[in-house]
Amino acid sequence: MEQQSIRYTYDSESGEEEDTEMSGGSPTPMLLLSLEKMKKIADSNALNKKLLSGRVLLVGIEEGGSLFLSSIKNKKIIGTLLLPGSDSIPPDPNNSEIISLIYELEAAPDVLIVFCKHQIPTERCAGWTKTLFEHVDVQSVVVFDTFAASSYINLDSEDHPYPPLVRILQTSKAASIQDIPLYEPPNLTRDLGAAILSHCEIHKIPAYLLLSLLDTQHGRFMATSSTLQAFQTAWEKLVASHGVEQGIDFVADIQSIFKTNERKNRDILSESQSQLYL
Amino acid sequence: MTSSYDRALTVFSPDGHLFQVEYALEAVRKGTCAVGVRGQDCVVLGVEKKSVLKLQDPRTVRKIVMLDDHICMAFAGLSADARVLVNKARIECQSYRLSVEDPVTVEYITRYIAGVQQKYTQSGGVRPFGISTLIIGFDPHDKTPKLYQTDPSGIYSAWKANAIGRSSKTVREFLEKNHKDDLSKEESIKLTVKSLLEVVQTGAKNIEITIMSAGNIIENLKVDEVDKIVKEIEEEKKEADKKKKPGTGASIQ
């Protein structure tokens, strides 16, 4: 009886805390745009529509995806997605823990790039995605994410997977890409990648989720040049199939921008390659 | 259970395992893939190369090495262990030549390498070599191509085609489906490249091919030659896909 009363006591306390939190509402992410961008939007009399619009939205998630997209040259910051719990306004761009920077390509302003280097908690992913798409109107989405070999199940082969290895998931509106293998069941994607893809599926936006395998070095999972190489290869195959009906319409300058960054990617991460094993 | 029996090389586990040898096989799987294909009158070695670092001399990072004029070897696993084993094998080849006044046979040097590897599984204070090897060549005065494989346990055997290193199981399954006896030189090379393309996603720039023909003729294909073969394979694959799909090419998933 004493144990029961103690347990109920704890239960009622924790319930009150939860009720308070729910009634107060969890803080939602905020989108902040640069003055220059706001001025452009005001000048174009597009204040009634969504703040940002474009043809393609590229999203880089955590270490691998954001690293790949961060190497794109000639992009400029146009805004920030401020995550809950942050009191810093204006946001400090050096603090990647709380912000997701939004860029546009200088050569092609209708290509938007978002990446966040830190892991967004699972319970916040839906809110982050909702806030992003409330203010961003795009025709298609490509998400760059990574996965670890320890969580990957390949029923067709007993071989341990090694990078570079890439898999794809897509919404039903997106055309299938034959050259990139599917992220096959029973594997599940989760967190931000899953949230974005689900949102795009519900709102009938063609979207691709590219998943590249993380490398293992000294017992840690990390993105190396092999991980980025897989993204590069998958990107080229995605671009090559742009002529498919209902597919994503990529322009040539995106291709050239990624190509010029191929060498930079190799330089940045080549030091981490181990030649212990040949 | 394994923790009690996996630290000392010379101790069997109750169920008959030598865990250090099995761990050495895991080290082999960390190396990139190497493939050997035996044709009618040639034998081909293909390897997946790792990209060299920016300031590194690529000639000093090799996965295919010569043991003698008529014998070639590819390895997968710890590169430092490979260097030591290759040096021992090269000395043995020359010692044999000087003693017997004849070059070694492929089987002899394979047996020697496997014997060294086995010795290091049965001595105290040492560990097994963390490499598997594919050895190709022609015996003196013989035009029959030979392909052998050794592994850290000291086992060796002759093969028509085999693969070692990462994703070797996938490649071996591909070879089992596609290999046939009496392959011509072009067919052997193409099969080697095709099997590597199953696991190498980056294309010709990370593939190295060495062909050995009778009369000690050794060819190392250049990158553009490998690229040409890769393109031919991709074209053939596209043609085969087109033939499979009727009409406009819509696929059912």
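Residues numbered from 1 in each chain as written. Chains lettered and ligands numbered in written order. Predicted model: local features only at pLDDT ≥ 70, side-chain atom pairs only at ≥ 80, totals over all residues. Heavy atoms only, no water.

Caption draft 1: Inspection of the overall build of chain B at higher detail. Summing up its helical and strand segments, chain B has 7 helices and 10 strands in all. A buried classification covers 45% of the 253 residues belonging to chain B. (Helix = DSSP H or I, 4+ residues; strand = E, 2+ residues; numbered from the N terminus. Buried < 20%, exposed > 50% of the residue type's maximum accessible area, 1.4 Å probe, protein only.)

Caption draft 2: Highlighting the packing of aromatic side chains. Counted under the stated rule, the structure contains 12 aromatic pairs over all chains. Judged by centre distance (5.3 Å) and plane angle (50°), the rings of Phe-68 of chain A and Phe-144 of chain A are tilted. One end of the pair, Phe-68 of chain A, is in helix H3 (residues 62-70); the other, Phe-144 of chain A, is in strand S6 (residues 136-147), with 76 residues separating them in the sequence. By the burial criterion, Phe-68 of chain A is buried, and Phe-144 of chain A matches it. The rings of Phe-68, Phe-144, Phe-231 and Trp-235 of chain A are connected pair by pair, giving a single aromatic cluster. In this structure, Lys-75 of chain A is placed above the aromatic ring of Tyr-103 of chain A, and the distance from its NZ or CZ to the ring centre is 5.1 Å. Across from the ring centre of Phe-75 of chain B, 5.6 Å away, lies the NZ or CZ of Lys-63 of chain B, which sits over that ring. (Phe/Tyr/Trp six-rings, centres within 6.5 Å; stacked < 30°, edge-to-face > 60°. Lys NZ or Arg CZ within 6 Å of the ring centre and 35° of its normal.)

Caption draft 3: Quick peek at the layout of surface pockets. When its volume is computed, the second largest pocket comes out at roughly 760 Å³. Contributing to the lining of the second largest pocket are 34 residues, with Asp-215 and Thr-216 of chain A together with Lys-30, Lys-50 and Arg-166 of chain B lying nearest its centre. If you list the elements that add at least two residues to the lining of the second largest pocket, you get strand S9 (215-217) and helix H6 (225-240) of chain A together with helix H2 (19-29) of chain B. Counting residues per element, the lining of the second largest pocket draws most heavily on S9 of chain A, at 3 residues. (1 Å grid on protein atoms, 1.4 Å probe; cavity = no way out; pocket = protein on both sides within 12 Å on 5 of 7 lines; lining within 4 Å. Points joined across faces, edges and corners; volume = space filled by probe spheres on them.)

Caption draft 4: Looking closely at the confidence of the model for chain B. With 95% of its residues at a pLDDT of 70 or more, chain B has an overall mean of 91. Segment residues 248-253 of chain B is flagged for pLDDT under 50; beyond a separation of four residues in sequence, or across chains, it makes 3 contacts in the model. (pLDDT = per-residue confidence, 0-100. Contact = heavy atoms within 4.5 Å.)

Caption draft 5: Spotlight on the environment of Lys-160 of chain B. Residues and elements named next belong to chain B. Relative to the assigned elements, Lys-160 resides in the loop between strand S7 (156-158) and strand S8 (161-164). Expressed as a C-alpha distance, the spacing of Lys-160 and Leu-175, which sit 15 residues apart in the sequence, is 9.5 Å. Ignoring anything within four residues of it in the chain, the contact list for Lys-160 reads Gly-36, Val-37, Arg-38, Leu-147, His-179 and Asp-181. A polar contact is formed between the side chain of Lys-160 and the side chain of Asp-181, at a distance of 3.5 Å. (Polar contact = N/O pair within 3.5 Å; in protein donor to acceptor, adjacent residues only side chain to side chain.)

Caption draft 6: A look at the interface of chain B and chain A. Tallying the contact residues gives 30 residues for chain B and 21 residues for chain A. Approximately 2,300 Å² of surface area, both sides summed, lies buried where chain B meets chain A, with 48% of it carried by carbon and sulfur atoms. For the interface between chain B and chain A, the tally reads 0 salt bridges. Contributing elements (two or more residues each) for the side of chain B that touches chain A: H2, strand S4 (71-77) and helix H5 (168-178) of chain B. (Buried area = accessible area lost by both parts, 1.4 Å probe. Salt bridge = Lys/Arg side-chain N within 4 Å of Asp/Glu carboxyl O.)

Caption draft 7: Region of the structure containing the pairing of strand S4 (residues 99-105) of chain A. Residues and elements named next belong to chain A. Across the 7 residues that make up S4, a large majority, 7, are buried. The side-chain alternation of S4 yields two buried faces, one formed by Ile-99, Leu-101, Tyr-103 and Leu-105 and the other by Ser-100, Ile-102 and Glu-104. Pairing of strand S3 (residues 75-82) with S4, which is carried by 7 bridges, proceeds in the antiparallel orientation. In the sheet register, Leu-81 faces S4, and the bridge partner there is Ser-100. Pairing of S4 with strand S5 (residues 111-116) involves 4 bridges; the strand directions are antiparallel. In the sheet register, Glu-104 faces S5, and the bridge partner there is Leu-112. Hairpin connection between S4 and S5: a loop of 5 residues separates the two successive antiparallel strands. (Pairing = 2+ DSSP bridges.)

Caption draft 8: Examining the sheet that holds strand S2 (residues 42-48) of chain B more closely. All names here are of chain B. Pairing within the open sheet is antiparallel, and its 5 strands lie in the order S8-S1-S2-S9-S10. Of all the strands in the sheet, the pair left with one neighbour each is S8 and strand S10 (217-220). Pairwise comparison of adjacent strand axes, ignoring direction, gives a mean angle of 10° for this sheet. Relative to S8, strand S1 (residues 34-38) runs antiparallel, the two being bridged by 4 bridges. Bridging across to S8, Val-37 finds its partner in Ala-161. Contacting S1 and S8, H5 crosses the sheet at an angle of about 170° to S8. Against the sheet, helix H6 (residues 185-197) contacts S1, S2, strand S9 (207-213) and S10, and its axis sits at roughly 20° relative to S2. (Axes fitted to C-alpha atoms, helices over the stretch in contact; angles between N-to-C directions.)

Caption draft 9: Structural detail: the sheet that holds S7 of chain B. Residue and element names in this part refer to chain B. Spatially, 5 strands are ordered S3-S4-S5-S6-S7 in an open sheet, and the strand pairing comes out antiparallel. Both edges of this open sheet fall to strand S3 (64-68) and S7, since each of them pairs with a single strand only. Adjacent strand axes in the sheet meet at a mean angle of 25°, parallel and antiparallel pairs treated alike. Pairing analysis gives 7 bridges linking S4 to strand S5 (residues 131-138), with the strands arranged antiparallel.

Caption draft 10: Spatial organisation of the side chain of Asp-191 of chain A. All names here are of chain A. With respect to the element layout, Asp-191 can be found in helix H5 (residues 191-202). Put simply, Asp-191 is tucked away with no salt bridge, and the nearest opposite charge, on Arg-190, sits 5.9 Å away. There is a polar contact of 2.8 Å between the side chain of Asp-191 and the side chain of Thr-122. Those residues in contact with Asp-191 that lie beyond four places of it in its chain are Gln-119, Thr-122 and Cys-125. (Lys, Arg positive; Asp, Glu negative; His and termini not counted.)

Caption draft 11: Broad picture of the packing of H6 of chain B against helix H7 (residues 223-244) of chain B. All names here are of chain B. Where H6 contacts H7, the two axes come as close as 10 Å, and the packing angle between them is 75°. Overall, the two elements H6 and H7 adopt an arrangement that is roughly perpendicular. Contacts between H6 and H7 pair Ile-189, Lys-190, Val-193, Lys-194 and Leu-197 from the former with Ile-229, Val-230, Glu-232, Ile-233 and Glu-236 from the latter. (Parallel < 35°, antiparallel > 145°, perpendicular 65-115°, else oblique.)

Caption draft 12: Region of interest: the pattern of salt bridges. Residues and elements named next belong to chain B. A complete count under the given rule lists 19 salt bridges over all chains for this structure. In this structure, the salt-bridge partner of Asp-139 is Lys-146, at a minimum N-O distance of 2.7 Å. Summarising the burial analysis for this pair, Asp-139 and Lys-146 share the class buried. Put simply, Lys-190 and Glu-236 hold a salt bridge, and the shortest N to O gap is 2.6 Å.

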